[in-house]
Amino acid sequence: MKTRLNLILIVIVGLFLAAILSRNGGVALLALPFLGYLAIAITTLPQRTDLVASREISCRRTRTGAPVEMKIRLENRGDRVFRLMLRNELTAKMQVLGQAPTQPICLPAGDVQEFSYSFCGVRGRYAWQHVKVEVGDCFGLFGRVVEIPAVAGLLVLPDDLHLKRFRFHPRPTLRTAGPNLSRQPGRGTDFWGVRQYYAGDPMRLIHWRMAARHPQRFFSKEFEREEMADIGILLDGRAAVNLELADASLFEYGVQTAAALGRAFLRSGNRVSLLVLGDRVTQVFPGYGKRHLARILDRLAACEPGDMVAFDTMQYFPVRQFPPGSVIVLISPLRNRDIKTISRLRGDGYQLLVISPNPLEYAQGMSRSAWLAYRAARIEREIMLRRIRKLGVKVIDWRIHQPLETALNAHPGRDR
């Protein structure tokens, strides 16, 4: 708009200057059509703008890359608007599918107009508070941007990585029937041993082979009891250790891993909690079921890396979130100074499983001119992981170009 208006003003001023310099009134008359053009634009500019907007999204929660339809409804309760155009409200994480509504329209008083477009986005939280529209005259010379309240929100969840074969058997911490072997006799499926028969034992538990060897006595079979475990997923979101290359970040692999493990642990019947240390502390206290899984995925969708929270915060663990003796699955690229914190957690009696996305493998796209530096960093990382393993901690060095399920099953992490 400014370019067109400036051009017309320059033409008008130029004609008047030419008329003055040439002392010819006929040249000044040439400016009358342009002045009339401006007068019509000023008279058609709405004096009172009263627009009401509402926003509707096809879904509130979706997956990465899934199409989402946005509908914006505008109602004009004021003067007639000769030219109305929806301003671009897309962020860097959003990609429009098809064509966005950018054509100007005329909106008479009392009329309603709907705009719709489809887009897809990456993991994150999207929130809209206002609709920005540009209101102007019929020629598009004058205009102003109006913000109309229209609240809406969208959560794009992490990628769905199913772990079909994830072998992980921690020591149970809850005296409730579950998937983990407790090394105690009880009702279960795995054979535990044989004991003397007592009156009231079911006939199906009698060990008939032992009874045949000892005709004067009867024996009963015992099975190993299966119980639940408290499992806490700790995601390291420090920006200093989560590398970023172009538009991708190593933190996204950690988020996908946390989401996949949360699904696997909850589906197997354990009690799961979540703690994310990033731009802020994100907590989900222990729970079960599908609703709890949805709560974990929502928190993971909204978390972002940052350095507002230090890794040493773990020395002040909330007991309600991580009960003593529970399992802590740490997802972190790791640094040398983290060994002290891991050692303290191990000393406090926690069962630890460390899944470390390899930052050196992630940085392979960088220049390999500094080959000696890369080799030194790789040796330093191997030494660090070896020191952690000496503490009795299961460590999985995940090369991100390898499928997560393959990396987890290569190190079952059996801690019984």
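In what follows, the structure referred to is the one given above.
The rules we used
- Residues numbered from 1 in each chain as written.
- Predicted model: local features only at pLDDT ≥ 70, side-chain atom pairs only at ≥ 80, totals over all residues.
- Heavy atoms only, no water.
- Pairing = 2+ DSSP bridges.
- Helix = DSSP H or I, 4+ residues; strand = E, 2+ residues; numbered from the N terminus.
- Axes fitted to C-alpha atoms, helices over the stretch in contact; angles between N-to-C directions.
- Expected span 1.5 Å × (residues − 1).
- Buried < 20%, exposed > 50% of the residue type's maximum accessible area, 1.4 Å probe, protein only.
- Polar contact = N/O pair within 3.5 Å; in protein donor to acceptor, adjacent residues only side chain to side chain.
- Left-handed = near helix turned anticlockwise from the far one by under 90°.
- Contact = heavy atoms within 4.5 Å.
- Arc of directions from axis to C-beta.

A. Structural view of the sheet that holds strand 6 (residues 105–107). Strands sit in the order 2-9-8-4-6 across an open sheet of 5 strands; the sheet is mixed. Each of the sheet's edge strands pairs with one partner strand only, and the pair in question is strand 2 (61–63) and strand 6. Shown here is a sheet whose adjacent strand axes are inclined to one another by a mean of 40°, direction ignored. Two strands pair when backbone bridges link them, and strand 4 (residues 81–86) and strand 6 are joined in this way by 2 bridges, in the antiparallel orientation. Paired with Leu 84 across the bridge in strand 6 is Ile 105.

B. A look at helix 5 (residues 250–267). The end-to-end C-alpha distance of helix 5, which contains 18 residues, comes to 26 Å, matching closely the 26 Å that a straight helix rising 1.5 Å per residue would cover. Counting buried positions along helix 5 gives 15 out of 18 residues, so the element sits mostly inside the fold. Measuring from the side-chain oxygen of the N-cap residue of helix 5 to the backbone nitrogen of Phe 251 gives 3.2 Å; that N-cap residue is Ser 249. Within two residues after helix 5, Gly 269 carries a phi angle of roughly 100°, on the positive side.

C. Broad picture of the pairing of strand 1 (residues 51–57). Here strand 1 shows one buried face, formed by Leu 51, Ala 53, Arg 55 and Ile 57, and one open face, formed by Val 52, Ser 54 and Glu 56. Across 7 bridges, strand 1 lies against strand 3 (residues 68–76) in antiparallel orientation. In the sheet register, Ile 57 faces strand 3, and the bridge partner there is Met 70.

D. Structural context of the packing of helix 1 (residues 2–22) against helix 3 (residues 32–43). Their axes nearest at 9 Å, the elements helix 1 and helix 3 cross at an angle of 145°. Considering the relative orientation of helix 1 and helix 3, their crossing is left-handed. On the side of helix 1, the interface is formed by Arg 4, Leu 5, Ile 8, Leu 9, Val 11, Ile 12, Leu 15 and Phe 16, while helix 3 contributes Phe 34, Leu 35, Tyr 37 and Leu 38.

E. Structural context of the sheet that holds strand 7 (residues 112–121). Spatially, the 4 strands line up as an open sheet ordered 1-3-7-5, and their pairing is antiparallel. Two strands close off the open sheet at either side, each with one partner strand: strand 1 and strand 5 (94–97). Adjacent strand axes in the sheet meet at a mean angle of 35°, parallel and antiparallel pairs treated alike.

F. A look at helix 1. Relative to the 30 Å expected for 21 residues at 1.5 Å per residue, helix 1 spans 30 Å between its end C-alpha atoms, a close match to the ideal helical length. Buried within helix 1 we find Leu 5, Ile 8, Ile 12, Leu 15 and Ala 19. All buried residues of helix 1 fall inside an arc of 95° around its axis, so they share one side. The exposed set on the far side of helix 1, more than 90 degrees from its buried face, consists of Lys 2, Thr 3, Leu 7, Ile 10, Ile 20 and Leu 21. In the core, the buried residues of helix 1 are packed alongside helix 2 (25–29) and helix 3.

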